[in-house]
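Here are the chains, one letter per residue:
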Amino acid sequence: MHILVTGGAGYIGSHTIIELLQAGHTVEVVDNLSNSNAEVMRRIEELSGKKVPLHVFDLKDKVKTRGIFKASVFDGVIHFAGLKAVGESTQKPLTYYRTNLDSTLTLLETMQEFNVKQLVFSSSATVYGSSTIPYNEFLSTGQGITNPYGQTKYIIEQILKDTAKADGTNCFTVLRYFNPIGAHASGRIGEDPSGVPNNLMPYITQVASGKRKRLSIFGNDYNTIDGTGVRDYIHVVDLAKGHLAALENSQQGWSAYNLGSGKGTSVLELIHAFEQATGIPIPYEFAPRRAGDLPEYYADASKALNELHWKTEKTIEEACADSWRWQSQNPNGYRETTQP
Ligand code: NAD
Ligand code: UFG
């Protein structure tokens, strides 16, 4: 299949492209590089031996988006492009609504015009709000979402549902990610956050490298196994493979799948797994709870197993070792490399 990957220069997109190429698909990317670096495309080529065209523009630009659909025939689209920082979305809600919704509408209108029916969309466990755990796909969504970023995911899911209802030949798959961590085993591609990381694993690896002094653990008084927050961490390569499974098993209409391991891990457990996997101690301190955080959630991932024939294969320890390999070999992410 010939696949358009929006946001393909980003963390999850880049790993997914490697899996798509390995499975024999061909890929083109649209990315405005607002949260990524074109160097990643060179590394994808180095790892895969295949060249992937990168179109650098904003997906909100209808003229340019139509331009690439005119130039190539796509069998499907994987839509990663969007803004994703939860905290920032509470400071800049309009930027988040404009970027995430407008780019998706532009993409959907263009797909409709060019008769492209298959879409895989990056949603998030955040759409469940504060439901009962483990989260399964039959729970209602949209209640108790604590930030504009999460709202955009919920609204886009509804837009996709309505569009699939109006034209039953569409095949729209919504993937609700739990917490992606890890990196490609080569150490050549990985997560490259700018500034101070918001997420736990990049913060841990930056403490391990000496870039930051210690980790603040947000809350140790939750009603969880050890008082710290519990999440379902999933290796990014397993997550990437989930996109392939979604493409290969796509059905007409709208469907949603959790992509998680089905297992909860606390912050302290993740720190210990990292220390075990790398031999590097992680100094930490307990800090107040972070606003908007839920105590505990993890996936019921059985629907993806039954219908997409997908499940996670990698362990938390492998994810920790791979995250560390990426961080230690690329202390400044993609920024250090100078292009010839
Ligand atoms: P990322 O920021 O690394 O990748 C997103 C890419 O989209 C970036 O390369 C960015 O430059 C690009 N982009 C942003 N706005 C764009 C626009 N208007 N036009 C063109 N390109 C644009 O993020 P990621 O972690 O790879 O996440 C990918 C998707 O998965 C996002 O939609 C995110 O919301 C979703 N998601 C991520 C997580 C997570 O924890 N990483 C969890 C759940 C869902
Ligand atoms: N945490 C710390 N210290 C830190 C960072 C995080 O203790 O410096 C804790 C958090 O309190 C939470 C856990 O580590 O208990 C995980 O936090 P992350 O920020 O890594 O991830 P979240 O679960 O808050 O959210 C992530 C993404 C969202 C996505 C969600 C999907 O950031 O975009 O997973 O489940 F929607």
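Residues numbered from 1 in each chain as written. Chains lettered and ligands numbered in written order. Predicted model: local features only at pLDDT ≥ 70, side-chain atom pairs only at ≥ 80, totals over all residues. Heavy atoms only, no water.

Considering the packing of helix α1 (residues 11-22) against helix α2 (residues 39-48)
- Relative to each other, α1 and α2 sit at 30°, their axes nearing to 10 Å. By the criterion of interaxial angle, the relationship of α1 to α2 is roughly parallel. In this structure, α1 crosses over α2, and the sense of that crossing is right-handed. Facing α1, whose interface residues are Ser14, Ile17, Ile18 and Leu21, α2 presents Val40, Ile44, Leu47 and Ser48.
- For the contact of α1 with α2, a count of residues per class yields six nonpolar, two polar and no charged. (Axes fitted to C-alpha atoms, helices over the stretch in contact; angles between N-to-C directions. Helix = DSSP H or I, 4+ residues; strand = E, 2+ residues; numbered from the N terminus. Parallel < 35°, antiparallel > 145°, perpendicular 65-115°, else oblique. Left-handed = near helix turned anticlockwise from the far one by under 90°. Contact = heavy atoms within 4.5 Å. Nonpolar A, V, L, I, M, F, W, Y, C, P; charged D, E, K, R; others polar.)

Some details on the sheet that holds strand β11 (residues 253-259)
- Across the sheet, which stays open at both edges, the seven strands sit in the order β3-β2-β1-β4-β5-β6-β11 with parallel pairing between neighbours. If you trace the sheet from one side to the other, it starts and ends with β3 (54-55) and β11, each paired once.
- Across seven bridges, the pairing between strand β5 (residues 118-124) and strand β6 (residues 171-177) is parallel. Considered in β6, the bridge of Phe121 is made with Val174. (Pairing = 2+ DSSP bridges.)

Quick word on helix α6 (residues 148-166)
- Taking 1.5 Å per residue, 19 residues should reach 27 Å; α6 reaches 27 Å between its end C-alpha atoms and fits that length.
- For α6, every residue scored as buried is listed here: Pro148, Tyr149, Gly150, Thr152, Lys153, Ile156, Glu157, Leu160 and Ala164.
- If you follow the buried residues of α6, they end up packed against α4 (86-91), α5 (93-113), β5, β6 and β11.
- The opening residue of α6 is Asn147, an N-cap whose side-chain oxygen sits 3.2 Å from the backbone nitrogen of Tyr149. (Expected span 1.5 Å × (residues − 1). Buried < 20%, exposed > 50% of the residue type's maximum accessible area, 1.4 Å probe, protein only. Polar contact = N/O pair within 3.5 Å; in protein donor to acceptor, adjacent residues only side chain to side chain.)

With respect to the site of ligand 2
- In the region of ligand 2, 23 residues are neighbours, and Ser124, Asn199, Ser216, Arg231 and Asp293 sit closest.
- The contact in question runs from an oxygen atom of ligand 2 to an N or O atom on the side chain of Arg231, over 2.7 Å.
- A distance of 2.8 Å separates an oxygen atom of ligand 2 from a polar atom in the side chain of Arg290.
- Relative to its unbound accessible surface of 700 Å², ligand 2 loses 90% to contact with the protein. (Near = heavy atom within 4 Å. Areas by Shrake-Rupley, 256 points an atom, 1.4 Å probe, with all protein chains shown as cover.)

Some thoughts on the pattern of salt bridges
- Under the criterion given, the structure shown has 18 salt bridges.
- A salt bridge links Glu88 to Lys92, with the shortest nitrogen-to-oxygen separation between them at 3.5 Å.
- Where Asp102 meets Arg98, a salt bridge forms, and the shortest distance between an N and an O atom there is 3.2 Å. In this pair, Asp102 and Arg98 are both assigned in helix α5, four residues apart and thus about one turn of the helix distant. (Salt bridge = Lys/Arg side-chain N within 4 Å of Asp/Glu carboxyl O.)

What about the site of ligand 1?
- In the vicinity of ligand 1 there are 26 residues, among which Ile12, Asp31, Asn35, Ser36 and Tyr149 approach most closely.
- In this structure, a nitrogen atom belonging to ligand 1 sits 3.1 Å away from a main-chain N or O atom of Asn32.
- A distance of 2.8 Å is found between an oxygen atom of ligand 1 and a backbone nitrogen or oxygen belonging to Phe80.
- In the complex, the protein chains occlude 95% of the 820 Å² of accessible area that ligand 1 would expose alone.
- Counting only elements with at least two residues in the shell around ligand 1, the list comes to α1, β5 and α6.
- If one sorts the elements of the shell around ligand 1 by residue count, β5 sits on top with three residues.
- Taken together, the residues that form the shell around ligand 1 break down as eleven nonpolar, eleven polar and four charged.

What to know about unusual backbone geometry
- The omega angle of the peptide bond from Ile133 to Pro134 is -5°, so this bond is cis rather than trans.
- By the element assignment, Pro134 lies in the loop between β5 and α6.
- At Leu33, a residue that is not glycine, the phi angle is positive and equals roughly 60°.
- By the secondary structure assignment, Leu33 is in the loop between β2 (26-30) and α2.

Observations regarding the pairing of β6
- The element β6 is extensively covered by neighbouring structure, given that seven of its seven residues are classed as buried.
- Following the backbone out of β5, through α6 and into the adjacent parallel β6, one traces a crossover that is right-handed.
- Alignment of β6 against β11, held across seven bridges, turns out to be parallel. The residue bridging Phe172 from the neighbouring strand is Trp254, located in β11. (Right-handed = clockwise from strand over helix to strand, strands pointing away.)

Limitation: the analysis is restricted to geometry and does not speak to function.
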